[in-house]
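Chain and residue survey
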Amino acid sequence: MSPSVFTFNDAKDKFTAATRSALDSKTSKPLITTFSQLPGNEAEKKTTLDQALRGVLEAEIVNQKANCDDFLALIDLSIDSVTEGICSATTPFLLLGDVLDCLPLDQCDKIFTFVEENVATWKSNTFYSAGKNYLLRMCNDLLRRLSKSQNTVFCGRIQLFLARLFPLSEKSGLNLQSQFNLDNITVFNKNEQESTLGQKHVEDKEEGMEVEEGEMGDEDEPAPCSIPIDYNLYRKFWTLQDYFRNPVQCYDKFLWMTFLKYSDETLAVFKSYKLDDTQASKRKLEELRTAGGEHVYFAKFLTSEKLMDLQLSDSNFRRHILVQYLILFQYLKGQVKFKSSSCVLNDDQCLWMEETSKQVYQLLRETPPDGDKFAAMVEHILNTEENWNSWKNEGCPSFVKEKPVDAKPIRPARKRLAPEDFLGRGPDRKIFMGNDELTRLWNLNPDNMEACKSDSREFMPSLEEFFEEAIEQADPANMVEDEYKVVRNSNYGWRALRLLSRRSPHFFQPTNQQFKSLADYLESMVIKLAKELPKDIPSEEIKTGEEDDDNSDNLLKETDSPGMQNKLVSNQQMDEVAAKLGSQWKTLATQLEMKAAEIREIETDSEDTDMQAKLLLVSWQDREGAQATVENLVSALNAAGFPKIAEALTET
């Protein structure tokens, strides 16, 4: 008897009958039995069962007799079939896609509830790789069908489901290039001729409107605003939404001036419109009574002119606008990887944003109810957002660290030798190192630490010897071009940094100067070292002077002649002056002609007042160079009102 041959149509009919039987019995055993009885290989039978399941679903959709529960039962059956290994892993997702494409939105809500409840199943190893793209496509198709303003909650559920399904490092769900939703345009009346704001108060007075029960009375009215609410304010207020929609506009000089002007007027209106905490509590209670506790939410701003008065006195609306300011400022000041090189703010813009941020936080604290708690919460969230920005700038690395696979087998550890096994063996008490050459080298001297301290082991050159050529090339009289200077040599630069870290105090001296390259930094160090060299001692005498211990560090010391008026301020003198100045260092900063940006940078670098005073003096010394003398610092101290500090500096 010849073996039976697999035929697709016969197998599909048997699987279809088994599927209907499985749906009736609510178990997958009929499918498992049919799968094992049919001839053919496993791949053929899986493909046939996939087609049979989709055929049963198609028949139920066409007949329009089934409801959502029947569809979900069939999808559950396909999930069990995948778990049993008789069905392809993509089949449940294909069935879900077919059902959602054919059902109206109200029934899609119920189907999607099933998808949400089974998120753990989709994330399992059996389904995730095969179905993640299907689920993403299915969710995107649903979002295209839904209205963001009418089906806001449904859209939010889809976004939350995707956030639960995919890991944080999934590139398809990240805005890596920091793009903005430029389609989110706020529409408002831009024709002043059609505006009714100017006529509103006149009509109210003429008609003498009576206040009915439940409407806002005199006691509930907000404090009157000192700034008139007219069409001009209405236009400026809603124009700001375009800057929140596309923050890159703020880097344009002319658009920034418009944004600054409109923002100042808007914040002035908020400051003038004081909200009463008691009044806000009454309104909230009234909302709970009328709306049954449900919060009223609008996906878009309502920009009708008639609502302008009510919006300005609404605490939730005010909070929306103020938080938008804080988010915008964080983007403008933050480090974003994909920002253009031209997107840079100047000092005045940074100062304005800093002052405005303080004003916005103050308005948030004054906005009831629970203004202090709300402002603290917003500040905490924005600080946390900085960590996410840094993570995105680094390319969104995975949070899961893979354990390295050790390819080499672990060798059995040798038994450690006891000290008596290798110390002091033999007649001459040699220390054996396990190798003849190492043993010879180790026993050259009985005390190796003392041998290392020998003068013959000193290989580090002095600053005079190493930088002699660089100092000579730095002299403009020698007319050496930059490309031929030794400081441009990367090997020389690396050795110079190591020597400076060991021999020069300038290497660890704080500075506010910024250098574009290592060569520029070395040139500035060479100039400082050259100024400290004695002017009347030739280079031959400097070299011979190294033999004397007292004169070996001539390059590191400053001239100690007390009578010289051009004596430079030493590091020790700056420490003493900074300690005496303390928190009054800003008074001296004015006399030293420091810019406001430099003062802010000093305050940012350190919170300690003594260190801030030291940074001020260092910044002044870097800027003045050879003019940073004791005489000039004494003059500045006297002018700033510190005669005692100046007198103490003169005596040192």
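Here's a quick rundown of the structure. Keep in mind that this is a model prediction, so the values were computed, not measured.

Counting its regular elements, the chain contains 30 helices and zero strands. When each of the 652 residues of the chain is scored for burial, the buried share is 34%. Put simply, 72% of the contacts in the chain that link residues at least 6 apart link residues at least 24 apart. Counting only carbon and sulfur atoms, one obtains 51% of the accessible surface of the chain, whose full area is about 41800 Å².

Next up on the list: unusual backbone geometry. Among all residues except glycine, the phi angle is most often negative; among peptide bonds, the trans geometry is most common. Here the residue pair Pro368 and Pro369 is connected by a cis peptide bond, since its omega of -5° sits within 30 degrees of zero. Structurally, Pro369 is set in the loop between α16 (347-366) and α17 (371-393). Unlike most non-glycine residues, Cys396 shows phi in positive territory, near 55°. Along the chain, Cys396 falls in the loop between α17 and α18 (436-442). Phi is positive for Met479, close to 50°, though the residue is something other than glycine. The topology assignment puts Met479 in the loop between α21 (468-474) and α22 (490-503). Exposure remark for Met479: the relative accessible area of 70% places this residue in the exposed category.

Let us look at the environment of Arg137. With respect to the helices and strands, the residue Arg137 is situated in helix α8 (residues 128-145). Of the residues examined, Arg137 reaches a relative accessible area of 47% and is grouped as partly exposed. With 40 residues separating them along the chain, Arg137 and Gly97 place their C-alpha atoms 8.8 Å apart.

This next bit is on helix α4 (residues 68-84). Here α4 contains 17 residues, and its C-alpha end-to-end distance of 25 Å stays within 8% of the 24 Å for a straight helix at 1.5 Å per residue. Residues of α4 that are buried make contact with α1 (8-25), α2 (29-37), α3 (42-63), α5 (91-102), α6 (105-117) and α7 (119-122). N-cap assignment for α4: the residue whose side-chain oxygen lies 3.2 Å from the backbone N of Asp69 is Asn67.

The contact between helix α27 (residues 596-605) and helix α28 (residues 609-624) brings their axes to 9 Å, and the two run at 135°. It follows from the interaxial angle that α27 and α28 lie oblique. Pair α27 / α28 crosses with right-handed handedness. Taking contact as the criterion, the partners of Glu598, Ile602, Glu603 and Asp605 in α27 are, on α28, Gln612, Leu615, Leu616 and Arg623. Its residues assigned to classes, the contact of α27 with α28 comprises three nonpolar, one polar and four charged.

Our next topic: the packing of α1 against α4. At their nearest, the axes of α1 and α4 sit 10 Å apart, and the two run at 110° to each other. One element, α1, and the other, α4, form an angle in the roughly perpendicular class. Residues Thr19, Ala22 and Leu23 of α1 touch α4, and the partners they reach there are Ala73, Leu74 and Leu77. Grouping the amino acids of the contact of α1 with α4 by side-chain chemistry returns five nonpolar, one polar and no charged.

The subject of this paragraph is the pattern of salt bridges. All chains considered together, the criterion is met by 16 salt bridges. In this structure, the salt-bridge partner of Asp69 is Lys110, at a minimum N-O distance of 3.3 Å. You can see Asp69 sitting in helix α4 and its partner Lys110 sitting in helix α6, a full 41 residues away along the chain. Exposure remark for Asp69: the relative accessible area of 42% places this residue in the partly exposed category. On the accessibility criterion, Lys110 (42% relative accessible area) is partly exposed. The closest approach of N and O atoms between Arg157 and Glu116, which form a salt bridge, is 2.7 Å.

Okay, the side chain of Thr34 next. The residue Thr34 is located in helix α2 in this model. When its relative accessible area of 14% is taken as the criterion, Thr34 is described as buried. For Thr34, the contacting residues outside a window of four places in its chain are Lys14, Phe15 and Ala18.

The next subject is the packing of aromatic side chains. Summed over the entire model, instances satisfying the criterion amount to 29 aromatic pairs. Ring centres of Phe93 and Phe127 lie 6.2 Å apart, and the angle between their planes is 75°; on these two criteria the pair is classed as edge-to-face. Here Phe93, found in helix α5, pairs with Phe127, found in the loop between α7 and α8; they are 34 residues apart in sequence, far enough to count as distant. Here the two residues Phe93 and Phe127 agree in accessibility, since each one is buried. Ring centres 6.5 Å apart and planes at 85° place the aromatic pair Phe467 and Tyr492 in the edge-to-face group. Here the residue Phe467 occupies a position in the loop between α20 (463-466) and α21, and Tyr492 occupies one in helix α22, the gap between them amounting to 25 residues.

Parameters and conventions
Residues numbered from 1 in each chain as written. Predicted model: local features only at pLDDT ≥ 70, side-chain atom pairs only at ≥ 80, totals over all residues. Heavy atoms only, no water. Helix = DSSP H or I, 4+ residues; strand = E, 2+ residues; numbered from the N terminus. Buried < 20%, exposed > 50% of the residue type's maximum accessible area, 1.4 Å probe, protein only. Contact = heavy atoms within 4.5 Å. Areas by Shrake-Rupley, 256 points an atom, 1.4 Å probe, with all protein chains shown as cover. Expected span 1.5 Å × (residues − 1). Polar contact = N/O pair within 3.5 Å; in protein donor to acceptor, adjacent residues only side chain to side chain. Axes fitted to C-alpha atoms, helices over the stretch in contact; angles between N-to-C directions. Parallel < 35°, antiparallel > 145°, perpendicular 65-115°, else oblique. Left-handed = near helix turned anticlockwise from the far one by under 90°. Nonpolar A, V, L, I, M, F, W, Y, C, P; charged D, E, K, R; others polar. Salt bridge = Lys/Arg side-chain N within 4 Å of Asp/Glu carboxyl O. Phe/Tyr/Trp six-rings, centres within 6.5 Å; stacked < 30°, edge-to-face > 60°.

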